[in-house]
Amino acid sequence: MHPRHLTISTPGRICLFGEHQDYLGLPVIAAAISRRLAIKGTVRKDNRMVLKLPDVGSEVSFGLNGMLAYSMERDYFRSCVNVLQRHGHRFSRGYDCTVHGDIPINAGTSSSSALVVSWLHFLSFISDDPVPFSHEEIGKLAYEAEVLEFSEPGGMMDQYSTALGGLIFLESDPKIRIDTLKATLGTFVLGNSHQTKDTKSILARVRGEVSDAAAATRRINPAFSFHTTHLDELREVKQRIERRQFALLEATIVNRDLTREARDLLHVKSLDHSRIGELLNEHQVRLRDVLGVSTPKIDSMIERALEAGALGAKINGSGGGGCMFAYAPENVEKVAEAVGKLGEALIITIDEGTRRERGHE
């Protein structure tokens, strides 16, 4: 039986470690945050989906009549239906829905993945033959609907971290491996620069540059691997590839090692908060100076946060604008005030994954 009323909510996320590593199959550490997007729906008498999006001033509607043709770029509402239909699910009853959230939009905090995960989770309940997907299964389906369906250049961190929630270590090569990290990190300050970013082009640029550098290195050393090559091995080819290519590969391997060290730290019961902050700062240096994905405004927001007492800070997401975050288990109000002088400052904590909101039905 189709539920008469249904509300699903999903968090945004920050990437603590592994920025621009996910699509290379390298590990990342991500955290779901206490800013969420919700889809609230009421069943209709026909098979039409009507979705109002007041946050962006738009509306999407379509009938559930077999596989759906896409009518826009990144047509996620239809792609989710299509992916589920390919997996054998059928839909005969439509819903009137409202989509609303407080995750910064197009700012590197995975508002689009929160939307896709929420919608897939919603659809799992209203299927003619409802199936209780696990959170990990929802993450996998969301990756299909958001990335594979539109041949996007991104990885799978966003989909899994928003679906699963909490603090996770994710590695996707040679197979998906997810560890839940139990460390208690405390508070962060999310700083929104309100600078418009072009996620798709930034991901394509950086991924293309790093892949070309790796190909050049493999022509000299066929054994080169993002997963196993050490810095000392890479330095053996330094004089035989372009300077820019070496810098990109060196930054990628250093960031890989920072992520692995952070994973080990976050498994320890007695957390070294200061070292976590130092690793965040080291990660930011390479994102800013080598990958070139930070901006002067975000650099200033980070500087202000550190001066105010944050232990570490970095840009969040693909870069080129959007958000930064500062790790501030103490002095959080002071850090938020400092960041807020240059942009919008939001105090956040780590949150749970996608869920059905029982009290809103």
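About the cut-offs
Residues numbered from 1 in each chain as written. Predicted model: local features only at pLDDT ≥ 70, side-chain atom pairs only at ≥ 80, totals over all residues. Heavy atoms only, no water. Axes fitted to C-alpha atoms, helices over the stretch in contact; angles between N-to-C directions. Helix = DSSP H or I, 4+ residues; strand = E, 2+ residues; numbered from the N terminus. Parallel < 35°, antiparallel > 145°, perpendicular 65-115°, else oblique. Left-handed = near helix turned anticlockwise from the far one by under 90°. Contact = heavy atoms within 4.5 Å. Buried < 20%, exposed > 50% of the residue type's maximum accessible area, 1.4 Å probe, protein only. Phe/Tyr/Trp six-rings, centres within 6.5 Å; stacked < 30°, edge-to-face > 60°. Lys NZ or Arg CZ within 6 Å of the ring centre and 35° of its normal. Pairing = 2+ DSSP bridges. 1 Å grid on protein atoms, 1.4 Å probe; cavity = no way out; pocket = protein on both sides within 12 Å on 5 of 7 lines; lining within 4 Å. Points joined across faces, edges and corners; volume = space filled by probe spheres on them. Nonpolar A, V, L, I, M, F, W, Y, C, P; charged D, E, K, R; others polar.

*Asks:* Looking at this structure, how should I read the packing of helix α1 (residues 76–86) against helix α2 (residues 111–126)?
*Replies:* For any two helices packed against each other, one specifies the crossing angle of their axes together with the interaxial distance. The geometry of α1 relative to α2 is characterised by a closest axis approach of 10 Å and an angle of 45 degrees between their N-to-C directions. By the angle between their directions, the pair α1 and α2 is classed as oblique. In the crossing of α1 with α2, the sense of the turn from one axis to the other is right-handed. Contacts between α1 and α2 involve Y76, F77, C80, V81 and L84 from the first element and S112, L115, V116, W119, L120 and L123 from the second.

*Asks:* Teacher, can you tell me more about unusual backbone geometry here?
*Replies:* Note: most residues except glycine have negative phi, and most peptide bonds are trans. Put simply, D173 and P174 share a cis peptide bond, and its omega is 10 degrees. Mapping P174 onto the fold places it in the loop between β6 (167–171) and β7 (177–180). In this structure, H20 is a non-glycine residue whose phi angle is positive, near 60 degrees. Along the chain, H20 turns up in the loop between β1 (5–17) and β2 (28–43). When its relative accessible area of 7% is taken as the criterion, H20 is described as buried. Even without glycine at this site, S151 takes up a positive phi of about 50 degrees. Mapped onto the elements, S151 comes out in the loop between α3 (135–146) and α4 (157–164).

*Asks:* How should the packing of aromatic side chains be read in this particular structure?
*Replies:* The relation between two aromatic rings is expressed through the spacing of the ring centres and the mutual angle of the planes. In this structure the tally under the stated criterion is eight aromatic pairs. An angle of 70 degrees between the planes, with centres 5.9 Å apart, marks the rings of Y76 and F150 as edge-to-face. Taken together, the residues span a long stretch of sequence, with Y76 in helix α1 and F150 in the loop between α3 and α4 at a distance of 74 residues. Accessibility assignment for this pair places Y76 and F150 in one class, buried. Both rings, one in F188 and one in F325, keep their centres 5.8 Å apart while their planes meet at 75 degrees; by these two values the pair is edge-to-face. Within this pair, whereas F188 is found in strand β8 (residues 188–192), its partner F325 is found in strand β10 (residues 323–327), the two being separated by 137 residues in sequence. Each of the two residues, F188 as well as F325, counts as buried. Ring pairs connect the aromatic residues F77, Y95, W119 and F122, which therefore count as one cluster. In this structure, R263 is placed above the aromatic ring of F169, and the distance from its NZ or CZ to the ring centre is 4.9 Å. The ring of F125 has R356 sitting right over it, with the charged end atom 4.8 Å from the ring centre.

*Asks:* How should the pairing of β8 be read in this particular structure?
*Replies:* For a regular strand, side-chain orientation follows a simple rule: the groups alternate between the two sheet faces. With five of its five residues buried, β8 lies for the most part within the structure. Both β8 and β10 contribute to a ladder of five bridges, which runs antiparallel. The residue of β10 that forms the bridge with N192 is C323. Inspection of the sheet shows β8 paired to strand β11 (residues 344–348) by five bridges, in the antiparallel sense. Its bridge partner being in β11, L190 is matched across the sheet by L346.

*Asks:* Looking at this structure, I do not really get the environment of F125. What am I missing?
*Replies:* Relative to the helices and strands, F125 resides in helix α2. For F125, a relative accessible area of 25% corresponds to the partly exposed category. When the C-alpha atoms of F125 and R356 are compared, they prove to be 9.6 Å apart, with 231 residues separating the residues in sequence. If sequence neighbours within four positions are ignored, F125 has contacts with P3, L6, I8, P130 and R356.

*Asks:* What's the story with the layout of surface pockets in this structure? I'm lost.
*Replies:* Leftover empty space is mapped by rolling, across the atoms, a probe with the size of a water molecule. Of the voids in this model, the largest pocket is the one considered here, and its volume is about 1,100 Å³. What lines the largest pocket is a set of 46 residues, among which R74, Y76, S111, S112 and E146 lie closest to the centre. Looking at the lining of the largest pocket, the elements with two or more residues in it are β4 (58–63), α1, β5 (95–101), α2, α4 and α5 (199–220). In the lining of the largest pocket, the residues fall into 17 nonpolar, 17 polar and twelve charged.

*Asks:* Could you clarify how one ought to interpret the environment of R48 in this entry?
*Replies:* Relative to the helices and strands, R48 resides in strand β3 (residues 48–53). Looking at R48, the relative accessible area reads 34%, which means it is partly exposed. R48 sits 232 residues away from L280 along the chain, and the two C-alpha atoms are 47 Å apart. When neighbours within four sequence positions are excluded, R48 is seen to be in contact with S61, F62, G63, G94 and Y95.

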